[in-house]
Every structure is written in structure tokens, then in C-alpha cells.
Amino acid sequence: MRVPLSRIAHGRSGDKGDTSNIGIIVFHDRHFPVIVREVAAERVKEHFGELVQGEVERFELPNLGALNFLLHGALGGGGTLSLRIDAQGKTLSAALLRMEIDIDDRELNL
Amino acid sequence: MIRIANGQGFWGDWLEAPVRLVEGGPIDYLILDYLAEVTMSIVQKQKQADPNLGYARDFPPLIGRIAKRIRERNIKVLANAGGVNPIACAKEVRRLAPDLKVAVVLGDDVFDRIDDMLSRGLEMRSMDTGEALSTIRPRILSANAYIGAFPLNEALATGADIVIAGRCTDTALALAPMIHRFGWKEDDWDLLAAGTVAGHIVECGAQCTGGNCQIDWMNIPDLENIGYPIVEAEPDGTFVITKHPGTGGRIDTHVIKEQLLYELGDPKKYITPDCIADFTSIQLRDDDKNRVRVSGIRGRPRTDTLKISISYEDGYKAIGSLVYSWPQALEKARAADRIVRSRLEKLGLMFDEVYTEYLGFNACHGPAVPNVIDPTEIQLRIGVRGHDKRAVDRFTRELIPLVLSGPPTGTGFGDGRPPVREIVAYWPALVPRDEIRTRVEVVL
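Remember, predicted model here, so these are calculated numbers, not experimental data.

Undergrad: Hey, could you go over the overall build of chain B for me, with residue numbers and the actual values?
TA: Across its full length, chain B carries 12 helices and 19 strands. Here the C-alpha radius of gyration of chain B, 24 Å, is about what a compact globule of 444 residues would show, namely 22 Å. Here the C-alpha coordinates of chain B stretch approximately 70 × 55 × 45 Å along the principal axes. Residues classed as buried in chain B amount to 47% of the 444 residues present. Taking contacts inside chain B between residues at least 6 apart in sequence as the whole, the part at least 24 apart equals 76%.

Written out as C-alpha cells, the structure is:
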């Protein structure tokens with residue numbers, strides 16, 4: 001079935017220049033393999049569409065049950081140059097948690 | 001064990017937080033992080049206007065307010081409040097708290113050395129764009145190296161009650177007391193990485209005690225009285241993150257995980273002037289209520305470069321808005337945007353960027369938002385930026401007329417036309433480590 005990523009994970013996002021970083025953390029460690037499988041860098045880039053001008057990088061932190069994404073060119077120039085209301089990408093973690101992922105019942109309730 | 005508390009996550013954070021840390025229970029060190037990337041340029045402008053300014057002006061009155069108590073309890077304070085004028089900052093602290101010994105760390109400010117460094121072939125290319133610094137040379141406002149924990153340790157060794165630095169890293173403020181008290185050496189990479197991770201966790205203040213927390217935020221207790229973080233550090237590099245009893249907020253492993261991920265790049269390479277920390281080695285455990293134990297941290301040798309942060313003038317910007325109500329609020333806002341853009345074009349005005357957002361529709365989440373059906377109201381927000389100040393100024397006059405002459409039910413113009421702001425942009429670059437020589441001065 002398809003559920004929003006927010007069903008199994010939470011997160012936080014911030015900025016470094018024109019790059020936004022989004023950390024996604026599973027509530028339960030058993031779901032870490034699910035986000036590794038479902039939340040690929042390409043899918044994240046697709047999810048944000050024109051909001052992300054550059055590439056998306058992904059890093060794994062299995063010790064924290066977390067993935068860290070770097071979204072390059074995602075903040076309208078970043079810092080003081082940006083004309084966006086969310087120039088620091090504070091809300092982008094919540095935006096990623098809206099993404100729909102595939103997970104079967106057994107995996108969800110394991 | 002020593003207790004290191006952070007009472008300020010940025011310049012403008014809660015004024016009561018450091019006072020409550022000093023009053024609310026035992027601590028040994030109070031650290032205060034005042035600097036963001038653009039702060040140095042702001043203080044540089046203040047110094048240009050008045051040579052006695054150019055530092056975080058909230059800091060001296062705070063020390064005046066807590067001076068008696070930190071003397072009684074032998075609490076030492078470390079802050080990167082010095083901006084581009086740490087000596088002036090120290091003198092003001094001395095004036096308001098004459099019984100305290102104040103030391104400053106100097107040498108991070110390389111503004112006067114830019115031409116010398118350029119002439120010796122240091123290109124200081126932007127770490128973001130790869131461009132050479134010479135392309136923006138006339139527009140530079142400030143230039144400061146990020147200083148690590150060892151110069152702060154040297155300042156603590158003078159016996160100072162208050163240590164003031166200019167542009168030191170946020171993490172160095174937490175690491176320096178550990179080096180000072182535990183005798184850690186410059187190549188104790190695992191220990192330095194552990195202190196650095198502790199610094200990263202607490203550097204944003206209450207963001208590691210339940211503030212800005214997405215997990216179960218509605219049930220986090222008493223945010224009004226949120227406790228700011230305290231590191232209980234051990235000589236072996238393990239530590240506990242906690243807060244004073246009776247304060248609000250929450251500390252558990254999930255809260256700490258969110259903060260560990262905040263503003264993180266490659267987790268295996270968290271680079272500071274002191275070491276490279278590996279965030280994939282961090283182990284967290286819920287120790288007790290509002291206590292998280294952190295261990296297992298590994299580090300690697302520091303790099304042979306230091307980062308400098310350069311600020312420079314980069315044109316002007318203005319952002320204006322109008323609000324449209326139901327029905328067809330989004331369509332009305334879009335029609336108004338088309339009118340403004342068309343009028344700017346017919347005036348022949350040139351901008352580097354014109355950017356439109358619709359608050360209440362997709363301003364925060366962009367294309368990640370599903371379709372919204374006829375919202376109650378929409379705020380149209382248009383921003384322009386460019387190097388022609390007159391063009392930016394003219395833009396600020398184009399929104400309000402639409403209230404009478406554009407789509408119906410436009411409002412939200414009460415503050416008048418928006419201000420034109422100067423843009424101060426940020427240029428990070430690397431220089432060889434031995435270019436930067438710090439020194440410590442006790443200010444009498």
C-alpha cells in the first residue's frame with residue numbers, strides 16, 4: 001500500500017548557502033531498510049520538481065536510523081540573496097514527509 | 001565531570017535563557033553562540049558607523065546582569081560575541097562587570113590582510129561557485145577565519161572568567177572547556193570529535209531540548225519554560241545531554257537525532273578547525289527522563305586548511321505582498337502578479353530575479369503540494385533583486401495601486417510600500433592553516 005513517509009519517519013531541515021539539508025529519521029529502527037529502499041535521491045529530486053535546481057545527494061546513518069539529503073540549488077540563491085519566504089529551507093523536511101512510499105502491511109506492523 | 005550549558009543559539013535568541021541556566025541549577029561553563037554567517041557583515045557596518053561598536057551588543061548587559069552569580073558560583077563564560085571588535089566588547093563587559101577577568105582571542109579578522117594574501121597567490125575561491133575572490137574584491141565588507149577550540153583553551157588558561165572570541169566555530173565553544181579541564185591534546189582525534197559532536201548538539205540552543213521538534217510536538221510539555229541544553233562531559237569523551245529540573249521541553253534520543261541531522265553535510269566528514277568527526281559512529285541511549293547518553297564517537301585528523309567567511313555587497317532587494325480573499329483568491333493573486341510583471345517589463349526595468357510565491361498555497365513546499373481547492377485567502381508575495389537600486393525602488397511602488405485598480409478584494413497593504421534592502425552576500429573560502437595566527441589578550 002502507499003502511505004506518506006510521515007507515517008514511519010520524522011525529520012529536520014536547514015541550510016548551508018544555497019543547499020538545503022534534510023534529515024529523515026525513522027520512528028522504529030526496523031523501518032530503516034524501508035526508507036533506504038523507498039527514498040532514493042532521484043525520487044526526492046522528482047518530488048521537489050523545479051524547487052531543486054541542482055543535484056540531490058543522499059547519505060546513510062544506520063546508527064541513527066536516518067538518511068541525510070543535500071538538495072543543491074534549492075533555496076533561491078540561499079542566505080541573504082534568496083527571495084523565498086523559506087530561504088533557510090526550514091519547512092522542506094515536512095515537504096519531504098508528504099512523499100508517498102510503498103510499504104506492505106507486514107513491513108508496516110512488523 | 002563538567003557541565004557546559006548553551007544559553008544562546010544565535011544573536012536574537014531568548015534573552016532569559018542564559019539567566020535561567022545560571023539560576024536554575026549547577027553549571028560550570030556557560031557558552032553563548034551569537035554568530036550566523038551574515039552576522040559579521042552586520043557588525044562590520046556598525047563598526048564603520050561607530051568605531052566603538054561592531055560586536056554582539058546584547059552580550060555586555062547580559063554579563064552585567066549575571067556577574068554576581070557567576071562570580072559566586074565560579075562559572076566561566078565563553079562567547080563568540082566579539083564580532084569584528086572583540087576588544088571594544090571586552091571593555092564594555094569590564095565597565096559593566098569590573099570584578100570579572102576578561103580575555104579575548106584575536107587573529108580571526110583578516111579583512112586588512114586580503115590584498116596581501118591575494119598578492120601572494122591565495123585565490124580564496126568561493127567554496128560554493130569556484131569563482132576567484134578578485135572578482136568581488138572592491139565589494140568586500142568583512143573577512144574572518146573560523147577559529148577552533150585551542151585558542152579558546154589558551155584564553156581559559158589565563159584564568160579568565162569571560163572569554164570573548166570573534167569568529168570562532170560554534171562547536172569550539174563547547175569543546176574548549178573539555179580540552180582545558182581534561183587536558184585533551186591536539187591529536188586526540190576521537191576525544192576532539194566527541195566534544196565537537198556535543199557542541200553540534202547544543203549549538204542551536206533549545207533545538208535539542210524540544211524546540212522546533214517534529215516528533216510528537218503537540219505533547220512536548222511546557223515550551224513556554226523550555227530548558228536550554230546542558231552537556232555533562234566526561235574525560236573519556238562520553239557525555240549526557242540534559243537540562244535543569246523543572247524546565248519545559250523534552251530530551252530523548254529522537255529529539256537529539258533531529259538536531260544531529262540539522263545542517264549536516266557528509267556525515268562521515270564533519271569538518272571543523274579541530275578535527276573531522278564521523279557522525280555515523282555516534283551511539284545514543286535514553287539514560288533517564290530528559291537525559292540522553294552519547295558515546296562511541298570517532299574522529300580523524302584535522303585538515304591543513306581553515307575556512308574563512310567573507311561578506312560582500314551584492315545589490316539590492318525588495319519583497320512586497322498583497323492579500324486576496326475567497327472566492328478565486330489564487331486566481332486573483334495570479335492576475336495581480338501578471339499585471340505587476342508586465343508593468344515592470346514595460347518600464348524597461350532590469351532585475352537579476354523576480355520571484356513570486358502564493359502563501360496559503362505552495363510557498364513553503366512548492367511542487368510537493370497537492371492541489372488546493374479554492375482557499376479562503378492567499379497572500380501574493382513578489383520579490384525582486386538586482387544591482388540597479390532605482391529599479392528595485394520603483395518595484396516597491398507597483399503593488400499598492402492594484403488594491404483599487406486590479407482584481408477585487410485585495411488587502412493587506414497596511415504597512416505601505418516595502419523597504420529596499422542592501423544585500424550582503426556570503427563567500428566561504430579556504431586558506432592554509434598557517435596563514436591564521438591567533439593570540440590571547442587579557443583586557444584590563
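There is more to say, and it comes next.
Undergrad: Quick rundown of the overall build of chain A? Include the residues and the values.
TA: Within chain A, the secondary structure is distributed over four helices and six strands. When the helices and strands of chain A are placed in sequence order, the string is β-β-β-α-α-β-β-α-β-α. At 14 Å, chain A has a C-alpha radius of gyration in line with the 13 Å of a compact globule built from 110 residues. Oriented by its inertia axes, the alpha-carbon framework of chain A measures out at about 45 × 25 × 20 Å. Expressed as a percentage of contacts within chain A between residues at least 6 apart in sequence, the contacts between residues at least 24 apart total 61%.

Undergrad: Let's hear about the nonpolar core: which residues, and what values?
TA: All names here are of chain B. Counting 149 residues, the largest nonpolar core has Phe59, Leu152, Val163 and Ile164 as its most contacted members. Broken down by element, this core gets its largest block of residues, nine residues, from helix H8 (residues 189-202). Shared between two domains, this core takes at least three residues from each, and those domains are domain 1 (2-108 + 146-303) and domain 2 (312-427). With near-sequence residues (within four places) excluded, Phe59 lies in contact with Leu32, Tyr34, Ala79, Ala81 and Cys89.

Undergrad: Could you give an account of the domain arrangement of chain B, naming the residues involved and the relevant values?
TA: By the assigned domains, chain B splits into domain 1 (2-108 + 146-303) and domain 2 (312-427). A separation of 39 Å is found between the C-alpha centroids of domain 1 of chain B and domain 2 of chain B.

Undergrad: Which residues make up the interface of chain A and chain B, and what are the values?
TA: Listed as interface residues are 34 residues of chain A and, on the opposing side, 41 residues of chain B. Secondary structure elements with two or more residues in the side of chain A that touches chain B: strand E2 (9-16), strand E3 (19-26), helix H2 (41-48), strand E4 (56-61), strand E5 (66-71) and helix H3 (92-97) of chain A. Taken together, the residues that form the side of chain A that touches chain B break down as 12 nonpolar, 15 polar and seven charged.

Undergrad: Outline the environment of Gly360 of chain B, listing residues and values.
TA: All names here are of chain B. Structurally, Gly360 is set in the loop between strand E15 (353-359) and strand E16 (377-386). Sequence separation between Gly360 and Ala329 is 31 residues; the distance between their C-alpha atoms is 9.9 Å. Setting aside anything within four residues of it in sequence, one finds Gly360 in contact with Pro375, Glu377, Ile378 and Gln379.

Undergrad: If you had to explain unusual backbone geometry to someone new, which residues and values would you point to?
TA: Residue and element names in this part refer to chain B. Across the junction of Trp326 and Pro327, the peptide omega takes the value 0°, indicating a cis bond. Relative to the assigned elements, Pro327 resides in the loop between strand E14 (305-325) and helix H10 (329-346). Positioned with a positive phi, Gln328 is a non-glycine residue whose angle comes to about 55°. For Asp374, which is not glycine, the phi dihedral falls at a positive 35°. Summarising the element assignment, Asp374 is placed in the loop between E15 and E16.

Undergrad: Any details on the sheet that holds strand E2 (residues 29-32) of chain B? Residues and values, ideally.
TA: Residue and element names in this part refer to chain B. With mixed pairing, the 10 strands of this open sheet are ordered in space as E11-E12-E8-E7-E1-E2-E3-E6-E4-E19. At either margin of the open sheet sits one strand with a lone partner, and together these are strand E11 (283-288) and strand E19 (439-443). Strand-to-strand twist of the sheet, defined as the mean angle between neighbouring strand axes without regard to direction, takes the value 20°. Looking at chain direction, strand E1 (residues 2-6) and E2 are connected through three bridges and run parallel. Along E2, the bridge assignment pairs Ile4 with Tyr29.

Undergrad: I'd like a rundown of the sheet that holds E4 of chain A, residues and numbers included.
TA: Residue and element names in this part refer to chain A. Across the sheet, which stays open at both edges, the four strands sit in the order E2-E3-E5-E4 with antiparallel pairing between neighbours. Strand pairing shows two members of the sheet lacking a second neighbour, E2 and E4, which therefore form its edges. Neighbour-to-neighbour, the strand axes of the sheet open up by a mean angle of 20°, direction not taken into account. With six bridges connecting them, E4 and E5 associate as antiparallel partners. Looking at the pairing, Glu57 lines up with Leu70 of E5.

Undergrad: Hey, could you go over the pairing of strand E4 (residues 102-106) of chain B for me, with residue numbers and the actual values?
TA: Residues in a regular strand point their side chains to alternate faces of the sheet. Residues and elements named next belong to chain B. Judged by how many residues are buried, E4 sits mostly within the fold: four of five residues are covered. Note: E4 against strand E6 (residues 162-165), four bridges, orientation parallel. Counted as the bridge partner of Val105 is Ala165 from E6. By the bridge criterion, five bridges tie E4 to E19 in an arrangement that is antiparallel. Counted as the bridge partner of Val102 is Val443 from E19.

Undergrad: Can you lay out helix H9 (residues 253-261) of chain B for me, pointing to particular residues and giving the numbers?
TA: The buried fraction of H9 of chain B amounts to eight of the nine residues, a majority that puts the element mostly inside the structure. Of all the residues in H9 of chain B, the buried ones are His254, Val255, Ile256, Lys257, Glu258, Gln259, Leu260 and Leu261 of chain B.

Undergrad: Explain the confidence of the model for chain B to me, and be specific about the residues and the numbers.
TA: If pLDDT is low for a region, its predicted coordinates should not be looked at in detail. Considering every residue of chain B, the mean pLDDT works out to 96; 100% of them sit at 70 or more. Across the predicted assembly, pTM comes out at 0.96 and ipTM at 0.97.

What counts, and at which threshold
- Residues numbered from 1 in each chain as written.
- Chains lettered and ligands numbered in written order.
- Predicted model: local features only at pLDDT ≥ 70, side-chain atom pairs only at ≥ 80, totals over all residues.
- Helix = DSSP H or I, 4+ residues; strand = E, 2+ residues; numbered from the N terminus.
- Rg over C-alpha atoms; globule rule 2.2 N^0.38 Å.
- Buried ≥ 20, exposed ≤ 12 C-beta atoms within 10 Å, placed from the backbone.
- Contact = placed C-beta atoms within 7 Å.
- Core = buried A, V, L, I, M, F, W, Y, C linked by C-beta atoms within 7 Å.
- Domains from an automatic or database assignment.
- Nonpolar A, V, L, I, M, F, W, Y, C, P; charged D, E, K, R; others polar.
- Pairing = 2+ DSSP bridges.
- Axes fitted to C-alpha atoms, helices over the stretch in contact; angles between N-to-C directions.
- pLDDT = per-residue confidence, 0-100.

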